[in-house]
Amino acid sequence: MKLMNISLFSGAIFAFLIIYLGSKENTVNYKVQNEKSVMGIERSSYGVTENDEKVEVFKLYNLKGIQVSIITYGGRITAVETPDKNGNKENVILGFKNLEQYEKPNPYFGALVGRYGNRIAKGKFTLNNIEYQLAKNNGENSLHGGLVGFDKVVWKVAEIEENETSVVLKLSYLSKDMEEGFPGNLKTTVTYTLNYDNSLDVLYEATTDKTTIVNLTQHSYFNLSGDFSQTILDHVVEINADKFVPVDNTLIPTGNLASVDDTPFDFRAPTLVGKHINSKNEQVTLGGGYDHCWVLNNQGKGYRSVAKAYHPASGRTMEVLTDQPGVQFYTGNFLDGTLPTPNGGVFGKRSGFCFETQHYPDAPNQPQFPSTVLEPGEKYETKTTFKFSVN
Ligand code: BGC
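This structure is a prediction, so every number in the text was calculated from the model and none was measured.

K.L.:
What am I meant to see in the state of the cysteines here?
P.N.:
Simply put, disulfide is the name for a covalent bond between the sulfur atoms of two cysteines. Counted under the stated rule, the structure contains 0 disulfides. No disulfide involves Cys293; its nearest neighbouring cysteine sulfur is the one of Cys354, lying 13 Å away. Take Cys293: its relative accessible area is 1%, and that puts it in the buried class. With a relative accessible area of 0%, Cys354 lands in the buried category.

In structure tokens, the structure reads:
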């Protein structure tokens with residue numbers, strides 16, 4: 001009996017030691033991995049543009065979660081690989097297989113958009129009594145910075161940083177005075193930071209030496225299913241906005257802000273994208289689906305959670321946080337099956353959606369909208385986060 005007790009006792013001590021040491025070892029391993037290998041950034045060559053400029057690709061990774069690929073051409077996100085609820089990693093960003101394809105006309109796949117994201121009516125605006133005329137590259141209007149916007153230039157690599165809990169890629173671009181018709185030398189940087197919690201921060205900063213306008217955004221198209229042959233109509237979306245910006249038939253704001261109450265624009269509760277997308281509502285018809293700017297709530301509160309998308313079948317979820325007043329929710333209505341996917345298919349209508357955080361369209365001509373004017377001595381600084389998880 002005594003012997004039994006002793007052996008039970010020593011057995012218990014042995015088991016305790018194994019569990020204790022084992023857990024210690026796990027902790028140590030975990031830390032070592034965290035510091036040395038879980039987060040990282042890889043740099044390689046991506047190709048040469050038609051103008052003979054070298055383009056690089058950066059792979060920011062968090063081996064526990066997501067991997068983000070970014071090229072210096074247009075600062076474009078070419079892929080975000082994220083796990084589904086079973087741990088299968090797939091790319092959820094619409095993109096192409098090589099630089100040549102990115103240089104061909106395409107609707108801003110993965111791109112940084114500037115100097116002015118979204119439309120400016122007739123491509124015209126006035127600052128300090130001087131009228132400026134931009135290229136009309138969208139019918140009568142100017143769209144996304146003109147003919148050669150920030151999406152079509154090669155950005156410089158300003159900084160690369162690896163920390164214990166994040167990896168950072170800072171890109172810079174100097175847009176010269178009167179480039180694409182915009183006044184002022186605009187020194188711009190965009191910093192992508194991939195964090196340990198599977199969030200990707202995009203920090204935009206700019207200064208000017210003449211009064212100008214700025215409205216930068218990120219134009220990635222997402223399909224959280226990871227299957228680009230599918231539409232995004234089965235995604236569930238939430239947008240924290242009581243109002244949206246109604247548009248005319250050229251997608252220029254009418255000037256009023258409309259309530260989302262009892263309209264297909266009410267995404268305050270999680271709603272299937274496909275639920276009302278083919279409704280006869282006049283605004284939905286004008287956009288050919290959703291292609292509108294939502295007036296985000298809590299504008300006085302700065303950086304906050306504003307939108308979410310969830311794909312029930314895969315469990316993938318993306319949350320958007322921003323300090324901006326608006327988000328353009330665009331459901332890829334103009335994708336028409338002519339652009340190739342990397343694996344031999346084509347991008348069909350509504351095979352991706354964008355959450356473009358920004359000021360309202362045509363703000364330079366609509367004084368009642370929050371201003372997009374940047375003065376010398378001021379700093380334009382805005383942050384948006386795309387946070388990925390599984391539910
Ligand atoms: C606009 C769409 C446009 C797309 C690609 C979006 O930001 O709202 O109307 O087709 O960009 O250019």
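We are not done yet, so read on.
K.L.:
What exactly am I supposed to notice about the pattern of salt bridges here?
P.N.:
Oppositely charged side chains can pair when the atoms bearing their charge come close. Applying the stated criterion across every chain, the model contains 12 salt bridges. Among the ionic pairs, Arg268 bridges to Asp242, the shortest N-O distance being 3.2 Å. Placement of Arg268 in the loop between strand E19 (258-259) and strand E20 (271-272) and of Asp242 in strand E18 (residues 241-245) is noted, with a sequence separation of 26 residues between them. For Asp242, a relative accessible area of 35% gives the class partly exposed.

K.L.:
Just to check I follow, could you spell out the sheet that holds strand E5 (residues 89-91) for this structure?
P.N.:
The pairing of strands in a sheet happens through backbone hydrogen bonds and is either parallel or antiparallel. Spatial ordering of the open sheet is given by E1-E2-E3-E4-E5, a layout of 5 strands whose pairing is antiparallel. Looking at which strands have only one partner, the edges of the open sheet turn out to be strand E1 (39-48) and E5. With direction set aside, neighbouring strand axes in the sheet form an average angle of 15°. Pairing geometry for strand E4 (residues 77-83) and E5, over 3 bridges, is antiparallel. Within E5, the position partnered with Glu81 by the bridge is Asn91.

K.L.:
It is not clear to me how the site of the ligand should be interpreted in this structure. Could you clarify?
P.N.:
Every one of the 13 residues lining the ligand counts as a neighbour, but Arg119, His144, His219, Asp291 and Glu356 are closest to it. Measuring from an oxygen atom of the ligand, one finds a side-chain N or O atom of His144 at 2.9 Å. Here an oxygen atom of the ligand and a side-chain polar atom of His219 are 2.8 Å apart. For the ligand, whose unbound accessible area comes to 310 Å², protein coverage reaches 94%. For the ligand, the cavity whose grid points lie within 2 Å of the majority of its atoms is the largest pocket. A per-class count over the shell around the ligand returns 7 nonpolar, 3 polar and 3 charged.

K.L.:
Explanation requested: the pairing of strand E13 (residues 186-195) in the structure shown.
P.N.:
For a regular strand, the rule is simple: side chains alternate between the two faces of the sheet. Counted residue by residue, E13 has 9 buried out of 10 residues, so it is predominantly covered. Pairing analysis gives 10 bridges linking strand E12 (residues 166-175) to E13, with the strands arranged antiparallel. Across the sheet, Val167 pairs through a bridge with Leu194, a residue of E13. Alignment of E13 against strand E14 (residues 199-208), held across 9 bridges, turns out to be antiparallel. Each bridged residue has a counterpart across the sheet, and for Thr188 the counterpart in E14 is Ala206. Where E13 folds back on E14, the antiparallel hairpin that results is connected by 3 residues, among which Asn198 adopts a positive phi of roughly 70°.

K.L.:
I would appreciate a short explanation of the nonpolar core in the present structure.
P.N.:
A general tendency of soluble globular proteins is for nonpolar side chains to be buried together. Counting residues in each nonpolar core, the largest one holds 60 residues, and the members touching the most others are Ile239, Trp294, Phe329 and Phe355. The contact partners of Phe355, leaving out residues within four places of it in the chain, are Gln218, Val237, Ile239, Ala307, Lys308, Ala309, Met318, Val320, Val327, Gln328, Phe329 and Phe386. Core analysis: the next-biggest nonpolar cluster, separate from the first, contains 17 residues, Val55, Leu94, Tyr102 and Tyr221 among them.

K.L.:
Help me understand the environment of Asn240, please; the structure alone is not making it clear to me.
P.N.:
Take Asn240: it is sitting in the loop between strand E17 (236-239) and E18. Note: C-alpha distance between Asn240 and Ala269 (29 residues apart in sequence) is 8.4 Å. Leaving out residues up to four positions away in the same chain, Asn240 has contacts with Leu296, Asn297, Asn298, Ser305 and Val306.

The rules behind each value
Residues numbered from 1 in each chain as written. Predicted model: local features only at pLDDT ≥ 70, side-chain atom pairs only at ≥ 80, totals over all residues. Heavy atoms only, no water. Disulfide = S-S within 2.5 Å. Buried < 20%, exposed > 50% of the residue type's maximum accessible area, 1.4 Å probe, protein only. Salt bridge = Lys/Arg side-chain N within 4 Å of Asp/Glu carboxyl O. Helix = DSSP H or I, 4+ residues; strand = E, 2+ residues; numbered from the N terminus. Pairing = 2+ DSSP bridges. Axes fitted to C-alpha atoms, helices over the stretch in contact; angles between N-to-C directions. Near = heavy atom within 4 Å. Polar contact = N/O pair within 3.5 Å; in protein donor to acceptor, adjacent residues only side chain to side chain. Areas by Shrake-Rupley, 256 points an atom, 1.4 Å probe, with all protein chains shown as cover. 1 Å grid on protein atoms, 1.4 Å probe; cavity = no way out; pocket = protein on both sides within 12 Å on 5 of 7 lines; lining within 4 Å. Sits in = over half its atoms within 2 Å of the grid points. Nonpolar A, V, L, I, M, F, W, Y, C, P; charged D, E, K, R; others polar. Core = buried A, V, L, I, M, F, W, Y, C linked by side-chain atoms within 4.5 Å. Contact = heavy atoms within 4.5 Å.

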